[in-house]
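Examining the three-dimensional arrangement
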2 protein chains.
Amino acid sequence: MGEVSHDKREDCCSPTRINIQEQQPTTDMQQQHHHHCMEIPMGMELHKVVAPPYRSTFHKLLAKLKETFFPDDPFYQFKGQPPKKKWILGAQYVFPILEWGPNYSFKLLKSDIVSGVTIASLAIPQGISYAKLANLPPIVGLYSSFVPPLLYAILGSSKDLAVGPVSIASLIMGSMLMQEVSPTKEPDLFLQLAFTSTFFSGILQASLGLLRLGFIIDFLSKATLIGFMAGAAVIVSLQQLKSLLGITHFTKKMAIIPVLSSVFHERKEWSWQTILMGVCFLVLLLIARHVSIKKPKLFWVSAGAPLVSVIISTVIVFAFKADRHGISVIGELQKGLNPPSWNVLVFHGSHLALAIKTGIVTGIIALTEGIAVGRTFANIREYRVDGNKEMIAIGIMNVVGSTTSCYITTGSFSRSAVNHNAGAKTAMSNIVMSLTVMVTLLFLMPLFHYTPNVILGAIIVTAVVGLIDVPAAYHIWKIDKYDFLVLICAFLGVIFLSVQQGLAIAVGISVFKVLLQVTRPRTVVLGNIPGTEVFRDLHQYKESAVSVPGFLIILIEAAINFANTTYLNERILRWIEEEGDGNKVSNIRFVVIDMSAVSTIDTTGITLFTDIRKSIRKKGIKLVLVNPLAEVMDKMQKVNDGDEEFMLYLSVGEAVASLSMGMKNSNMYNEEMQVHDVP
Amino acid sequence: MGEVSHDKREDCCSPTRINIQEQQPTTDMQQQHHHHCMEIPMGMELHKVVAPPYRSTFHKLLAKLKETFFPDDPFYQFKGQPPKKKWILGAQYVFPILEWGPNYSFKLLKSDIVSGVTIASLAIPQGISYAKLANLPPIVGLYSSFVPPLLYAILGSSKDLAVGPVSIASLIMGSMLMQEVSPTKEPDLFLQLAFTSTFFSGILQASLGLLRLGFIIDFLSKATLIGFMAGAAVIVSLQQLKSLLGITHFTKKMAIIPVLSSVFHERKEWSWQTILMGVCFLVLLLIARHVSIKKPKLFWVSAGAPLVSVIISTVIVFAFKADRHGISVIGELQKGLNPPSWNVLVFHGSHLALAIKTGIVTGIIALTEGIAVGRTFANIREYRVDGNKEMIAIGIMNVVGSTTSCYITTGSFSRSAVNHNAGAKTAMSNIVMSLTVMVTLLFLMPLFHYTPNVILGAIIVTAVVGLIDVPAAYHIWKIDKYDFLVLICAFLGVIFLSVQQGLAIAVGISVFKVLLQVTRPRTVVLGNIPGTEVFRDLHQYKESAVSVPGFLIILIEAAINFANTTYLNERILRWIEEEGDGNKVSNIRFVVIDMSAVSTIDTTGITLFTDIRKSIRKKGIKLVLVNPLAEVMDKMQKVNDGDEEFMLYLSVGEAVASLSMGMKNSNMYNEEMQVHDVP
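Quick caveat: nothing in here was measured; it's all calculated off a predicted structure. (Residues numbered from 1 in each chain as written. Chains lettered and ligands numbered in written order. Predicted model: local features only at pLDDT ≥ 70, side-chain atom pairs only at ≥ 80, totals over all residues. Heavy atoms only, no water.)

Before going further, it helps to spend a moment on the overall build of chain A. Within chain A one finds 24 helices and ten strands. Burial status across chain A gives 58% buried among its 679 residues. Pairs at least 24 apart in sequence give 77% of the contacts found in chain A among residues at least 6 apart. Only carbon and sulfur atoms are counted for the fraction: they give 65% of the accessible area of chain A, which is about 27,800 Å². (Helix = DSSP H or I, 4+ residues; strand = E, 2+ residues; numbered from the N terminus. Buried < 20%, exposed > 50% of the residue type's maximum accessible area, 1.4 Å probe, protein only. Contact = heavy atoms within 4.5 Å. Areas by Shrake-Rupley, 256 points an atom, 1.4 Å probe, with all protein chains shown as cover.)

Residues and elements named next belong to chain A. Taking strand neighbours across the sheet as the criterion, the six strands line up as β6-β5-β7-β8-β9-β10 in an open arrangement whose pairing is mixed. Only two strands of the sheet have a single neighbouring strand rather than two, namely β6 (535-537) and β10 (647-649). This sheet shows a mean twist of 35° between the axes of neighbouring strands, independent of strand direction. Of the pairings in the sheet, the one linking strand β7 (residues 551-556) to strand β8 (residues 590-594) comprises five bridges and is parallel in character. Across the sheet, the residue bridging to L555 is D594, located in β8. (Pairing = 2+ DSSP bridges. Axes fitted to C-alpha atoms, helices over the stretch in contact; angles between N-to-C directions.)

In this section: the pattern of salt bridges. Residues and elements named next belong to chain B. Taken as a whole, this structure holds twelve salt bridges over all chains when the rule is applied. Taking the shortest distance from any N to any O, the salt bridge between E557 and R522 comes out at 3.0 Å. Taken as a pair, E557 in the loop between β7 (551-556) and α21 (565-579) and R522 in the loop between α20 (499-519) and β5 (523-528) lie far apart in primary sequence, 35 residues in all. Exposure remark for E557: the relative accessible area of 2% places this residue in the buried category. Take R522: its relative accessible area is 27%, and that puts it in the partly exposed class. For E631, the salt bridge identified is with K635, shortest N-O distance 3.3 Å. Remark: K635 and E631 occur in helix α23 (residues 630-638); sequence separation between them is four residues, near one turn of the helix. Under the relative-accessibility criterion, E631 is labelled buried at 16%. A relative accessible area of 6% places K635 in the buried class. (Salt bridge = Lys/Arg side-chain N within 4 Å of Asp/Glu carboxyl O.)

Residues and elements named next belong to chain A. The residue N419 is located in helix α15 (residues 413-421) in this model. Residue classification places N419 among the buried positions, given a relative accessible area of 0%. Once you skip the residues sitting within four places of it in the chain, N419 turns out to touch S115, I119, K159, D160, L161, A162, A424 and S429.

Helix-helix packing is characterised by the crossing angle of the two axes and by the distance between the axes. Residue and element names in this part refer to chain B. Relative orientation of the contacting elements helix α13 (residues 352-381) and helix α15 (residues 413-421) amounts to 25°, with a least axis distance of 10 Å. As the angle between them shows, α13 and α15 are arranged roughly parallel. Taken as a pair, α13 and α15 cross one another with a handedness that is right-handed. Contacts from E369, V373, F377, I380 and R381 in α13 reach F413, S416, A417 and H420 in α15. Here the contact of α13 with α15 is built from residues that sort into five nonpolar, two polar and two charged. (Parallel < 35°, antiparallel > 145°, perpendicular 65-115°, else oblique. Left-handed = near helix turned anticlockwise from the far one by under 90°. Nonpolar A, V, L, I, M, F, W, Y, C, P; charged D, E, K, R; others polar.)

All names here are of chain B. The grouping of I257, I488, L492, F496, L497 and I505 at the surface amounts to a nonpolar patch, some 500 Å² of accessible area in total. Among the elements that take part in the nonpolar patch, helix α19 (residues 481-497) stands out by supplying four residues, more than any other. One can find I505 in helix α20. (Patch = residues over 30% accessible without salt bridge, like charges linked within 9 Å, V, L, I, M, F, W, Y side chains within 5 Å.)

Across the contact, 98 residues belong to chain A and 98 residues belong to chain B. Taken over both partners, the interface formed by chain A and chain B buries close to 9,200 Å², and the fraction arising from carbon and sulfur atoms is 55%. Taken together, the connections running from chain A to chain B amount to two salt bridges. A salt bridge links D480 of chain A to K635 of chain B, with the nearest nitrogen and oxygen atoms 3.0 Å apart. Applying the counting criterion to the chain A and chain B interface returns 18 residue pairs in polar contact (both at pLDDT 80 or more). (Buried area = accessible area lost by both parts, 1.4 Å probe. Polar contact = N/O pair within 3.5 Å; in protein donor to acceptor, adjacent residues only side chain to side chain.)

Residue and element names in this part refer to chain A. Here chain A averages 82 in pLDDT, while 89% of its residues score no lower than 70. The low-confidence segment residues 1-43, where pLDDT is below 50, has 102 contacts with residues more than four positions distant or belonging to other chains. For residues 667-679, every residue scores under 50 in pLDDT, and the model assigns this stretch 20 contacts once sequence neighbours within four places are set aside. Both scores are available for the predicted complex, with the pTM at 0.77 and the ipTM at 0.78. (pLDDT = per-residue confidence, 0-100.)

Okay, the relation of the copies chain A and chain B next. Between chain A and chain B, the superposition needs a rotation of 180° and an axial shift of 0.0 Å, giving an RMSD of 0.0 Å. Here the transformation between the copies is reduced to the relation of a two-fold axis. Closest approach to the rotation axis within chain A is made by the C-alpha atom of A597 of chain A, at a distance of 2.2 Å. Both copies contact each other with a shared surface, as 100% of the interface residues of chain A are interface residues in chain B too. (Least-squares fit on C-alpha atoms with pLDDT ≥ 70 in both.)

Within the chain, N627 of chain A stands out as a residue other than glycine whose phi angle is a positive 50°. Overall, N627 of chain A belongs to the buried group, its relative accessible area being 3%. One non-glycine residue, S405 of chain B, adopts positive backbone phi at about 60°. By secondary structure assignment, the location of S405 of chain B is in the loop between α14 (387-402) and β4 (410-411).

Another aspect to go through is the pairing of strand β9 (residues 622-626) of chain B. All names here are of chain B. Among the five residues of β9, four are classified as buried, and the element is accordingly described as predominantly covered. Summarising the sheet, strand β8 (residues 590-594) and β9 pair through five bridges and their orientation is parallel. Paired with V591 across the strands is L623, a residue of β9. Tracing the backbone out of β8, into helix α22 (residues 607-617) and back to the parallel element β9 gives a crossover that is right-handed. As paired elements, β9 and strand β10 (residues 647-649) share three bridges and run parallel to each other. Bridging from a neighbouring strand, L625 pairs with L648 of β10. (Right-handed = clockwise from strand over helix to strand, strands pointing away.)

Residues and elements named next belong to chain B. Along the polypeptide, S121 turns up in helix α4 (residues 106-133). A residue is classified by how much of its surface remains accessible, and S121, at 14% relative accessible area, is buried. Separated by 441 residues in the primary sequence, S121 and F562 have C-alpha atoms spaced 57 Å apart. Once you skip the residues sitting within four places of it in the chain, S121 turns out to touch A303, G304 and L307.

Turning our eyes to something else, we now look at the side chain of E390 of chain B. Residues and elements named next belong to chain B. Position of E390 relative to the elements: it lies in helix α14. There is a polar contact of 2.9 Å between the side chain of E390 and the backbone nitrogen of S157. If near-sequence neighbours (up to four positions away) are discounted, E390 is found in contact with Y152, G156, S157, S158, L161, I371 and V385.

Time to look at the pairing of strand β5 (residues 523-528) of chain A. Residues and elements named next belong to chain A. With six of its six residues buried, β5 lies for the most part within the structure. A two-sided burial pattern is seen for β5, the buried positions comprising T523, V525 and G527 on one face and V524, L526 and N528 on the other. The pairing of β5 with β7 spans four bridges and is classified as antiparallel. Paired with V525 across the two strands is I554, which belongs to β7. In the sheet, β5 pairs with β6 via three bridges, with the strands oriented antiparallel. By the bridge assignment for β6, N528 is matched with F535.

Residues and elements named next belong to chain B. Between the first and last C-alpha of helix α9 (residues 222-245) there are 34 Å, a value that for 24 residues agrees with the 34 Å anticipated at 1.5 Å per step. Most pronounced at Q239, the bend in α9 amounts to some 25°. Across the 24 residues of α9, 18 count as buried, placing the element largely inside the fold. In the stretch just after α9, G246 is the one whose phi turns positive, near 75°. (Expected span 1.5 Å × (residues − 1). Bend = angle between axes of the 7 residues up to and from the residue.)

Structure follows, in structure tokens:
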């Protein structure tokens, strides 16, 4: 099985001879070679198709596993280094802070302090708001903006990521847990379950990274994410109608229809004071956002606006005693740093399954957002983040977070953008932010007593508006209609069914598309570009490629497997039928299948060629295979169907040249056209 | 968007000039073309990469739908025919009997009578046995061998298929229905549910055919089927231990462990008379089977053996009154043809879901067997069966069958093989068989009164032994280890869990493999075969291909989509890193990506090339794309990233030739080579 033929090249054929080698599948996994040599007048050389060098099954498996799980080859940098250096590199690999820490300078610190304080001013109001979105006490949002950023600064490899609670993960966690436990009736249990599901999220995230299964998040395609995010933004905004309109009896459902019907059903609860305040600050915040988008240098306008709004609105409420006139406020908040929570995690009982399920869904969503944000900014600043390493960092951050009263956190797109625009240089800005939040937690909490809930709603709406990306959706519509369908399904699924179902539907459709592509691979008929040995799609190169008389050259553009063997068989026979139809009846002598694009083949697929050969033999047509790739060649060698060998050529050009030579030499077929009639 | 460039070919470039065309993605979906012409000394011509001719979105969708659902183009034969001929062809398409009927001759009839009677002699004992396997009254097996073959003869397009009950579908139907309804306590309900699920099977099968979704059964790969069949054969054989050992209290479970423990637990029920008789006839039947395998001309030995065994054993039991000595017999059987059963179908109540589920599973399994058998013999005799048409035929046959007291039927492998060997020429042999069964039903039923159950068990075991195909399993092991894993999972899943779970696991693993291939497409580095313009895998053609200095040529061997964009990005960057390592630091000037095998691309994938270009630009490396195919070209045109254009070439040979020309000519930038430096 290992005795491949490339070591026999010096045999009978000189450069002025044609060497037609037919690879014969034989019993006992050995090979025989037939060299038919004939002199041709133009100094052309035919090249052999060879199998790849022998590797044992074990080595092949090893190589495949490496390609599957270590495509980025993380150990590459260790190769050939002295042991001490290896230790240092290893420590730097696990703790990226050791990479940038030693060279940290005062100049960098200055930038990081500016950006850190800026994102803190955004993180504090957003943290409080997102915690409310998840039906958790507001202070949990601040806890979650304190511990996780510190951990990420040590473990994370992105220089721009601003870590903390995010809107979509908060929404999903809140809505999923609410299915079984009421956040108002059993607030303690609800909080415990939130920490527990955060714990499971972290375990899942870190495991995906450790097991190098990060590619699972790749199944959330761009189209899926855009549709999903837009849908989630709509759902989140609708939820804010509760605080924006001052409604007290609000539905617990998330989908658009029950929420809107609840809103209009409770019209008498609407409070004009709340609505007035809400509309004013919402307009203010949206204008600030718009300014920062138009002029990125004015990033601080939108970054500071939420905190400013909180301060102004709190002062207004306090000054006018507005909380006694229908404007609901946050109320008493406790002071102090994160209390431990490892003792309240729930690992038994009837809600465990829910906690695990919530952990999985929010974990994957949070991971997707964090990795995507990290990659986006790494791309802009031209450094690389290691996806699997980031997963481990985010996972550990959430596991530790869940034991210190934090709920699910990840890299936030809006705050990371501000961080980047504010000139953050390293993960130190996360530490600065964390310390600012710490100061707030220790000393400033009582100031939030009179902060009206309506402001939090306005802040959330402003934050999620940016998730609705119409230009990107239009871009997808332009390029790929099927992707747009995926997007729309994700969007409609989220707003009419539920966040999880919308996501599941979109992923299902995406995967279905991939499977459909696998089931129905493209086959094209090739023609020669005159004057070259290049063969290209006759349809695409309508004006430059011409078909070669006597030959039907078909390119199969996909791996051949059980799911498409039958289709390919039918499709190729149809090409032959259509070609041999009309005037040119039985003009074809050779069906040449270009296998350059067939990357792999399985046991079902391997029967395709014998089946086709059988079908066309009675029409007097011969089957020629061109350029089978390493793995295919390897497998074809191992098949013995007791039949004659396949005609193999290295390139379509060589196949056509040598076979039309043969056609010319034989004077039996007079009516057939000849190609390369060299004088 | 439609103004593609192939109509501008007559412009500036003569054959002795290079025409480097850069396809520019622009706004407003228009195109600009830059033609840089430069003289080069060797009469070489560069060719343009063009987009495919314009087609509207609607036409593209139409073409795609046609490729997906009508790959065999069933309307092809109607094209250009006169209306009357079209009617005849249409009728022949729906009723294939009209195709062969008019030319039917006495000579063909003689062959068909021989084969029809032969398969009837096999179908009668097998029908009775398989009905017992499905926990149905034996006579239902004969009913099912009467009506469906008649229908198939009219509708089916296979000339060899022998239609009737089959072992695996019977087993699955029996075991699935038994989960909710006991065949001994509620025999009437059980029978009703069997007919109902047969009805749903038929509806499903016909719908799959009508909706042209036949490719769904392709997802049962060869490996899955071999493992599944072998597992089912073991399960079926184990079930026969009940009748072979004469046990009366037998477990209702199917998996190997409960069955074996039940068998040994009930040792005191074993009846030596039954065992003796069973062993004798089992040996006889297996010898007969062996003889027919060794000498296919003696097909009638194995074909006749079951009936002979039934007759002999019945006579023995009758003569020795063995039924009073522990040998259980079939007992009273009613006479007469199929009674109607449309009035007993159950379309409501608590068991409806079970009936539908059973119908789907048995329907798909039956369809898979029927189509596979049909294709196998069509291949041998070199005619074609239309998969979707066969599905409609089998589906109608089951729907009608379910209203005439028949349970699920399909093409049986063993009886079709006998039919083929006995020289069946047309579907007329099914009619002959059906008529023979009719005679039996009308007149011979009382003769089966004393037929011992142990003989039926022996007949089933002999029939299913052939489903265990060890050579095929070994063949798969040789070719593809992963496929073998699928096979083993299917086998173990069936024997240890259940038939449905085993099947589901195997299909799941098969699909996972396909998805893994999509997620981790192969990329190979190409080298030039000296003296040609052919570029091939440097690893496979270790001894003949050489890498081109200054170039890294990468072939991507799969469609690019959301699931693999990240991987490809990382993998290609790693190729560049590895290549640029060691002594050859920054030797690479151009990364040439051969896109000949990228059949399609989606909105996520389209970002790959801009991302890669960005990543390598700082190293002074340029990205060159070669031969983007029609669809890819189409989409790349629609993307405007406001960035510079891509360098496009028609073939790797032309790219390398023209770019290395540029490298030589440039004397301005010594360390960073330039391309389009026209002197």
